Amino acid sequence: MKKITITFPDGSKQEFDSGSTGGQIAETISRGLAKKALSVSVNGEVWDLARPITEDATVKILTWENPEGKSTYWHSSAHLMAEAVETLFPGAKFGIGPAIENGFYYDIDMGEHSLTNEDLSAIESKMVEFANRDVPYKREEVPWEHAVEYFTKKGDQYKLELLDEFKGQKISMYHHGNFTDLCYGPHLSSTGKIRFIKLMSVAGAYWRGNEKNKMLQRIYGITFPSKQELDEYLFRIEEAKRRDHRRIGAEMELFLLTPKVGSGLALWMPKGTVIREELEKFLRDEQRKRGYQPVVTPHIANLELYKTSGHYPYYKDSQFAPITMESGEQFLLKPMNCPHHHQIYAARPRSYRDLPIRLSEFGTVYRYEQSGELNGLIRVRGLTQDDAHIYCAHDQLKEEIKQTVELTQFVFHTFGMEVSTRLSFRDNKNTEKYGGDMAFWEQAEREIKEVADEMKLDYFVGIGEASFYGPKIDFMVKDAIGRTWQLGTVQVDYVMPERFQLEYTGSDGLKHRPVIIHRAPFGSFERFIGILIEHYAGEFPLWLTPVQTVVLPITDAQAEYGIKVVQDLKNAGIRTELDDRNEKIGYKIRDWEMKKVPYMLIVGEKEKASGTVSVRQHKKGDLGGIALETFISQIHEEVANKSITV
C-alpha cells in the first residue's frame, strides 16, 4: 500500500498508509488525544476526523483548546439545531448556519410562525434528545445536479440559490439522523460529543444581509463539552448585561445617541468628553516622546482622492453617498485619514535624511454601517481614529514596526488588558479582494512575521484578515470578564506609495518608494471607550474618571468651607463637584457611592476648624481625616502613576 509522510506541528515526521484519517493518526499519538479530538488541520485546512488523507501533509489534531476545534464543535451544533427545528416545524427552510466567535446561529424561514421562548426551549430539548442518539456526521460528495435535485424536491430555495454559485462543481453534503444539509464542513465524528446546550435568542436577519431580501429568523445558540463551561459562559453573559456600556453611559451621562442627530452618530456629553480628552492627552504625550508630528485634515475631500487610494471602489458599499456640486465636482465624507496624510507627505520633495516621517492625527471618519449592525459606541457611523502613518525606508521598516508594536502593547497594559496578536494575511484563493503586486505582499508578510518572531509575540495567523492594501498585526485584548476584542492594528503598506507615486531621494541620489506603516492603538475613541466602560463597569481609574472627588458638607454651616475645598481642588487640577443638597450625609454617601466617584471628602465642624477633610474611598469606605494639601499630593501621585483599579 502507498505510504504518505505526515509532518506534525513540532516538525517530527511519521509514515502512514495512504487513506489514513485524522482520527486514526490521533490514535497513534495517544488514546487521550483521540478521545478529545474534534477535527484535524491538513495543510492549514480543517477536515473531519473521518476524511481520508491520501498525500503527504502537515497535520495538527484539533481539540476544544484550539479555535478551529471550537468552530467544528459549534458548526456541528448548528446542524443539530437545524434537525431539531425541522422535526418540530416541518416545512422550515434553511439559509446558512455557521459557527461564530461564541457559539453558532442558523438563519431559518419559519413561514408565518414567529419563534417564542417556549419554542427555543422545545428546540433545545430536542437537540439534547438527538445528541444522546450519538449518530455520526457523514460527508458525501455528489455531482452538482444531484444536490440541485435533492433541494428542489425538498423545496428549499435558499440552498438552491447557494448552489447557483457552484454550478458544475463537486458538492459536499452532510447527513446525520434524519437531516441532510449542503455544507463544506468540517463536522464532529458524531452528535454525542455535543453535551451541554443553550439557545440564547432569536433575531431578524435579511437573507444574505441584503435589505431587499426576505427577513429570516436567526437562532443563536452555544454548546459546551462540560456543564461548568456552560455555567461560566452564562455568568459572563449576565455580567456583560450589568456592564453594558449603553446603560452605564446613560447613567453616568457620558454620551448620547439620538435619532434627531442620526443613527450611529454619538454626542459626547461633558463627562464623556473628559474621558476622550484624557485618552487623547495620554496618547499624544506618548507619541510626542516617539517623534510623531501631529496634523489635521478636513472631514471631506474630492472623490478622486479616494478613487486613487482605492478606498472608494473597495469600500463603496460602506460609505456615505458622494456629494455632487453644481459644477459636477464630487466630494466624499472622509472614510479614511490615510489619503490625506499621503498628500502631506507628497507636499514637498523628501530625502532619506527626512525618514522616518511619522504623521499622527485624531481624525474623524465616516462609514455608512447598516442600521442592524449599529451597537452603541461599539459600531457607529462617525468615529475618531487615533491614526498615524509612518513613511520609512525599507531598511528602517522592521525597527519602526517594533516601535509601533511596543507602543500598542504599552497602551493596553496601561488599562490592565491582556493582549494577544493576530498576523492578518491575505487569502491567496480570493485575490480580487486585494490590491498591489504579489511580490510586495509576500515581502510585507515575511517582514511582519520576522518582527513577531524576534519580539516573541504570542501570535496566530489569520488568513483572509488583511486589509485590501496590505497585511497587518491586529491586537486582540481580553477584558475583565474574559471577552476578546480586536482593537489596535499595525499595517504594512507597499501599495499606497505606488498608487500615490510617493518618493524620496536615497543616498545614491536616485528616487525610491517609501514603505508606509498604518497604526492605530485605540482603533477608534468610540469603540475603545465603549469597551473601557464595560471593562471597568464604569469604575474608571482615577486619572480617567470624569469626576475624581466630590465634597460633602455635613450641614449648611460647613457650606462655605466646602466651597473653599472645591476651589482648592480645582486649582490643583483635580476634577471635583460640590454636593450641598439639603440631605442627610448618609443619603449623600450612598448616592455618590452608586455614582462610582473614587473619593468623597466629608467636611464637618472638626474638618472646618482644622483645615482637613475626612476621606471615603469608593468600595473601601472611611480612610480617616487628612490635611487637604496631603490629599492633593496623594491624588497627583495616583494620577501620575495611572494606577489600575479594575
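Higher on the page you've got the structure.
I will try to describe carefully the structure that is included in this document. This one's a predicted model, so the numbers in the text were calculated from it and none came from an experiment. (Residues numbered from 1 in each chain as written. Predicted model: local features only at pLDDT ≥ 70, side-chain atom pairs only at ≥ 80, totals over all residues. Heavy atoms only, no water.)

Helix length check: helix α16 (residues 525–536), at 12 residues, gives a terminal C-alpha distance of 16 Å against a target of 16 Å (1.5 Å per residue), a fit within 8%. Among the 12 residues in α16, 11 count as buried, and that is most of the element. Among all positions of α16, only F525, E526, F528, I529, G530, I531, L532, I533, E534, H535 and Y536 are buried. Looking one or two residues beyond α16, the residue adopting positive phi is A537, at roughly 55 degrees. (Helix = DSSP H or I, 4+ residues; strand = E, 2+ residues; numbered from the N terminus. Expected span 1.5 Å × (residues − 1). Buried < 20%, exposed > 50% of the residue type's maximum accessible area, 1.4 Å probe, protein only.)

The eight strands lie next to each other as β18-β22-β23-β30-β27-β26-β24-β25, forming an open sheet whose pairing is mixed. Unpaired on one side and paired on the other, β18 (293–294) and β25 (459–463) mark the two borders of the sheet. Note: strand β23 (residues 382–392) against strand β30 (residues 515–520), five bridges, orientation antiparallel. Bridge pairing in β30 places Y391 opposite I516. Packed onto the sheet, helix α14 (residues 438–454) meets β24 (418–425), β25, β26 (472–478) and β27 (484–493) and runs at close to 160 degrees relative to β24. Lying over the sheet, α16 contacts β22 (357–366), β23 and β27, oriented at roughly 150 degrees with respect to β27. (Pairing = 2+ DSSP bridges. Contact = heavy atoms within 4.5 Å. Axes fitted to C-alpha atoms, helices over the stretch in contact; angles between N-to-C directions.)

For T549, the position within the fold is in strand β31 (residues 549–553). Engagement of the side chain of T549 in a polar contact is seen with the side chain of T576, the distance being 2.7 Å. When neighbours within four sequence positions are excluded, T549 is seen to be in contact with L569, I574, R575, T576, E577, V597, Y599 and F631. (Polar contact = N/O pair within 3.5 Å; in protein donor to acceptor, adjacent residues only side chain to side chain.)

Spatially, β2-β1-β7-β4-β5 is the arrangement adopted by the five strands of the open sheet, whose pairing is mixed. The strands lining the two open edges of the sheet, one partner per strand, are β2 (13–17) and β5 (45–47). With direction set aside, neighbouring strand axes in the sheet form an average angle of 40 degrees. Two strands pair when backbone bridges link them, and strand β4 (residues 39–42) and β5 are joined in this way by three bridges, in the antiparallel orientation. Across the sheet, V40 pairs through a bridge with W47, a residue of β5.

Note that all results are geometric; they support no functional claim without further evidence.
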